[in-house]
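Coordinate analysis (summary)
Each chain is listed here by its residues.
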Amino acid sequence: MTESLQAAREAPANDIESLIGREYEQGFVTDIESETLPPGLDEEVVARVSEIKREPAFMLEWRLDAYRRWREMREPNWASLAITPIDYQAISYYSAPKSKEDAPKSLDEVDPKLLETYEKLGIPLEERAVLAGVAVDAVFDSVSVATTFKDRLASEGIIFCSFSEAVQDHPELVRGYLGSVVPRSDNFFAALNSAVFTDGSFVYVPKGVRCPMELSTYFRINAANTGQFERTLIVADEGSYVSYLEGCTAPMRDENQLHAAVVELVALEGATIKYSTVQNWYPGDENGVGGIYNFVTKRGECRGARSKISWTQVETGSAITWKYPSCVLRGDDSVGEFYSVAVTHHHQQADTGTKMIHLGRNTRSNIVSKGISAGRSRNAYRGLVQVGRGASAARNYTQCDSLLMGDRCAAHTFPYMEVKNPGARVEHEATTSKIGEDQLFYCMSRGLSAEDAVSMIVNGFCKDVFNELPMEFAVEARNLLNVSLEGAIG
Amino acid sequence: MLEISDLHVAVDGDPILKGVDLSVRPGEVHAVMGPNGSGKSSLCHVLAGREGYEVTAGGVAYEGEDLLALEPDDRARRGIFLAFQYPVEIPGVNNAYFLKAAVNAVRRARGDDELDAIDFMQLMREKVKLVDMDEGLLRRPLNEGFSGGEKKRNEILQMMLLDPRLAILDETDSGLDIDALRIVADGVNALRSPDRAFVVVTHHERFLEYVVPDRVHVLYEGRIARSGGRTLARELEERGYGHLRQERVA
Amino acid sequence: MTSAALEHYRREWSAAHASLPGAGVGWVDRVRRQALDRFCERGFPTPRDEDWKYTNVRPLERRAFRLDSTGGGGAAGHAEPAVCGEGLPGLAPAARLVFLNGRLVPARSGEAGELPEGVRVESLAHVLASNPERVESHLSDTGGGDNAFAALNHAFLGDGAVIEIPRGVRLERPIELAFVARGESDVVSHPIVLVLAGEEAEATVVEHHLGAGAGAKLANPFTRIVVERRASVEHHLLLEEDDATWHTGNIDARVSSGGRLGSNAVQLGGRLVRYGIDVSLDGVGASVALNGLYVARGRQHVDFHTRVDHREPGGTSEQVYKGLLDGHGRGVFNGRVVVHRDAQHSDASQSNHNLLLSENAEIDTKPQLEIFADDVKCSHGATVGQLDERAVHYMRSRGLGEEAARALLTFGFAEDVLARMGAPAVRRHVERGLVGALPALADLPAPDGAEDLAGAARLAAPRDQRS
């Protein structure tokens, strides 16, 4: 290595300490009164959650059934993760900001401190919502606090509300679709969620309607010792279109907090759902203390012919991420997509990827996964492409790239391909690389600082995925990536 | 020998050829020139029978028969040869073995005796020398890892071995250095005969200095915009294709 | 169920171990007993084990396989060529050992002329009887992981082949090992192959497994290959057992600095075949090339699990596995590459390609990369699909009929990996086997396509290379 390059590479390394010392920007605690159930989980707690939510009887039945199944299940252990055992009896399963007796009717009624919180988070809840044209549902700990643009959407026949409201106002829709993609006993965490989920978002887009704006939910865990178990259900009726964005943050706490969400998407004939996530839960500190355990089940079903579901995720947060947004391609000619950037630093661990289940004829899927590992982190792609006997002419293409920054991190790739149809074409390609000295040298010889050069190269590495994000989100994702990786090269 | 009349071809619904007329008699060499995207390669693919080219109107007669009704291998057996612009790389299939299989398939169809390994190798050695090709390439998988020039020589070698009646060269000259160009041209010239015809698709007038055509056609926006003698190629070299648009507008 | 099966093998062991070769030698007894305990503790794998997710050995567990009770390879009648085969045509080995149900058949084994000085090709039973300490260090463990079948093999270790090439010796001609499974019924063999190549030694070993007779058989071999510094070993595994044979083999190889291993595996036969191939690159700049071809048809189930560990800097691994799946055949490929923390500048590539030739065939493939070092070049790719339509068109435009073009491309698909394997005699044998096995190759141009191809390739060679 030339001397100047050596010096240049050391320069950012000297900054590592100061950069690492930089705090998780979203790591503040909001001091508001909460109503929280005592820790522990039994049938009574499940019933209590259902009661607080004033749910109809079918929901209580559903939850109890899920709870009983969950008790029989074990945590999955096949992922490439080292997990400190979780004491499910030490978690509180319900925490809500104490507000007026009834849920807020408009933003004016929301606790100003809460609004302040969202402002700090940079969430376009009010003004920025208008500017960005984003309709926002914000979930704070366990309950949904406000949904903007409801009226505008209602005029198109679109339902966008908290899950609690949907249970009250549209029980027939909830009953018809809840659990139809992710069954209660799908897996350990999905069963737990089904038993105790407290809120989340619900979207229904009627036949032939193109949702005029991006729908968005922000999730935040605030209270200590609580888990967040939200549930999202999106139904796109025939020929409709919807784009949905999800963002997440949590305060800094020394103990690990559990987040076990379930997202179900249903696309009927000719419908398209685009689901984008920027996940920035608290990752723990540089010694691996604290951080969110993010065990999420996300699955969409292309139920009708020519339907399409596209997942895009940028995962920079959480101490542990266990997440496989998937597509069941049931309808003929349906399309599934998965675009992912997963960044791990310090002691973070991620085991993430997707499942593409081809059942219908001429179904197509495309997977692009970019993993970036730094520090002492572990980053694994795990993906399944399954082609059933009847899925003639199915096509899949998977591109899976890993970038390693530093010699103490790890990058793994575990693709599973199961093919039972001779007319299918399935291709997987993966590469592993580090930022090349020649790339760095080239950028620096054009006047860029080493850090800018790294940022530029990393962004280039992720470009295929960022291109899939809506504009505002892409900018946010890019910034997040730079913050997450500050001090990673050395 | 070849009669193309009012040929219309679409790819994925987009019209590419919009009424091509071309008549080729035995012994003749026709050059087809034209800017990028004018439909030159599409014309070649249609003649060879590649899938994905939909003939929406018009037709092609070859020796009095409907060419378009024939499968690609039938066309080859009846003497049509297309030198591909981008020959396909086929791992695992030995070049010499493939050549022998092809030569014997064509010979069988013509009622000739098949060549055994010894006779075939003798024939092949002879032809390999003519195209100045490294014999080692015969033992390698078909086109795999061949340089651009080696692939083109391999195409010409195949042409010599298959002994076609109508040879179509799709930009065989492109990407070749001057020596390789001369070798390819020599190969073509060696095959010129009163009962064999050539359609040479090229970008460069220079190739036509080596392979002197009887007729030159300019394919422009899916039609033959102009036809002429050898001098047309030179004119195009000097003036470019731009003026064709003005002519058409005028 | 499981306990009954384990109890069966425990009983078999109690009855047999005292009369196995090497019995009474302290370390041999110890290794056998420990291996049996390990096997019983572990039990047969089930599809719940991630490594056995796609291969169910339940049917095998249900049968009570026994050691051959007819007295082994020396017994009368076993020396018939019909039973033991004549060896691979054209291989011209330096030495050949033939085993019947895991025991040496002396009458069919021998050396062709004098072996170079210091080269030893002997049966394991002979070594255990005469000089057991020579092999002690190589038989004291069964490699990484909790491999039940390797443990079962060592519990019954007794015969097999020991091949030693001393430092600096280059063995020009291959060594041929033929393992014949002949089933009256439910017979099992646990042969061991040791290939020990000293510093800068070179050798080629062909390990050929065949089956004869209609009875159910289990072949459970274990091969250990030790490649010392700058030595080079080519290992060819050829599996051609009949439809009544289950095969659960393991290869465990270690390569030292600058050493090179070529691991070549071809499966054409067998009812259920599960092969584990583990290669550990233990020295700086060690390299391995893993080539494999599997052909599952009828109701065959074929599972190759490979693992390469890059433990030291500068290692190279290059892996190409291809599968042809026909009939109700099912293929499984699991390739794992682990680059350890200190193995900077490793270069690992891995590819697995599969062709499904029938409606009912199935493939499950899982290439895996686990990287713990940052300055490495690693890639893998896997495909499942059909023939390249552009290639079909190209061939047809040269006059080949569609069926012939498809046959030729299918053949080429296999040939692509066979060509990487070297050993022309093995290759020609496999080519002939392929043509006979797959209906998809029925239209291969020239009925003697495979021979013809090899012939054309030879003829095409310049004169000076032909003589």
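You'll find the structure just up there.
Notes on the structure follow. Note that the structure is predicted; figures quoted are calculated from it, not measured. (Residues numbered from 1 in each chain as written. Chains lettered and ligands numbered in written order. Predicted model: local features only at pLDDT ≥ 70, side-chain atom pairs only at ≥ 80, totals over all residues. Heavy atoms only, no water.)

Thoughts on the overall build of chain B
The helix and strand inventory of chain B stands at 10 helices and 10 strands. Its C-alpha atoms give chain B a radius of gyration of 18 Å, near enough to 18 Å, the size a compact globule of 250 residues would have. Referenced to the eigenvectors of the C-alpha coordinate spread, the extents of chain B come out at roughly 60 × 40 × 35 Å. The buried share of chain B, reckoned over its 250 residues, is 54%. In chain B, once contacts between residues fewer than 6 apart in sequence are set aside, the share between residues at least 24 apart is 68%. (Helix = DSSP H or I, 4+ residues; strand = E, 2+ residues; numbered from the N terminus. Rg over C-alpha atoms; globule rule 2.2 N^0.38 Å. Buried < 20%, exposed > 50% of the residue type's maximum accessible area, 1.4 Å probe, protein only. Contact = heavy atoms within 4.5 Å.)

So, the sheet that holds strand β6 (residues 80–83) of chain B
Residue and element names in this part refer to chain B. Read across the open sheet, the six strands follow the order β6-β7-β8-β3-β9-β10; overall the sheet is mixed. Where the open sheet ends on each side, the last strands, each with one partner, are β6 and β10 (223–228). Averaged over all pairs of adjacent strands, the angle between strand axes in this sheet comes to 20°, irrespective of strand direction. Direction of pairing for strand β7 (residues 166–170) relative to strand β8 (residues 197–201): parallel, over a ladder of five bridges. (Pairing = 2+ DSSP bridges. Axes fitted to C-alpha atoms, helices over the stretch in contact; angles between N-to-C directions.)

Some remarks on the side chain of E315 of chain A
Residues and elements named next belong to chain A. Residue position: E315 is located in strand β14 (residues 308–315). When its relative accessible area of 2% is taken as the criterion, E315 is described as buried. For E315, the side chain forms a polar contact with the side chain of Q279, separated by 2.5 Å. Discounting chain neighbours no more than four positions away, the residues touching E315 are T277, Q279, N294, T321, K323, V341, A342 and V343. (Polar contact = N/O pair within 3.5 Å; in protein donor to acceptor, adjacent residues only side chain to side chain.)

Quick notes on the interface of chain C and chain A
Residue-level contacts link 36 residues of chain C with 32 residues of chain A. Buried surface at the junction of chain C and chain A, both sides included, amounts to about 2,800 Å², of which 47% is carbon and sulfur. Summed over the shared surface of chain C and chain A, the result is three salt bridges. Of the charged contacts in the structure, one is a salt bridge between E362 of chain C and R389 of chain A, with a shortest N-O distance of 4.0 Å. Of all elements in the fold, only β22 (362–371) and β23 (377–385) of chain C reach the threshold of two or more residues within the side of chain C that touches chain A. Looking at which element gives the most residues to the side of chain C that touches chain A, the answer is β22 of chain C, with 10 residues. (Buried area = accessible area lost by both parts, 1.4 Å probe. Salt bridge = Lys/Arg side-chain N within 4 Å of Asp/Glu carboxyl O.)

Topic: the environment of D6 of chain B
Residue and element names in this part refer to chain B. Relative to the helices and strands, D6 resides in strand β1 (residues 2–11). Taking C-alpha positions, D6 is 23 Å from D74, a pair spaced 68 residues apart along the chain. Excluding residues that lie within four positions of it along the chain, D6 makes contacts with G19, V20, D21, A57 and G58.

With respect to the interface of chain C and chain B
Contacts between the two partners involve 31 residues from chain C, matched on the other side by 40 residues from chain B. Of the roughly 2,900 Å² buried between chain C and chain B on both sides combined, carbon and sulfur atoms contribute 63%. It is H393, Y394 and R398 of chain C in chain C that bury the most area against chain B; as a group they hold 27% of the surface buried on that side. Scanning the region where chain C abuts chain B turns up three salt bridges. The partner of E71 of chain B in a salt bridge is R396 of chain C, and the shortest N-O contact between them spans 2.6 Å.

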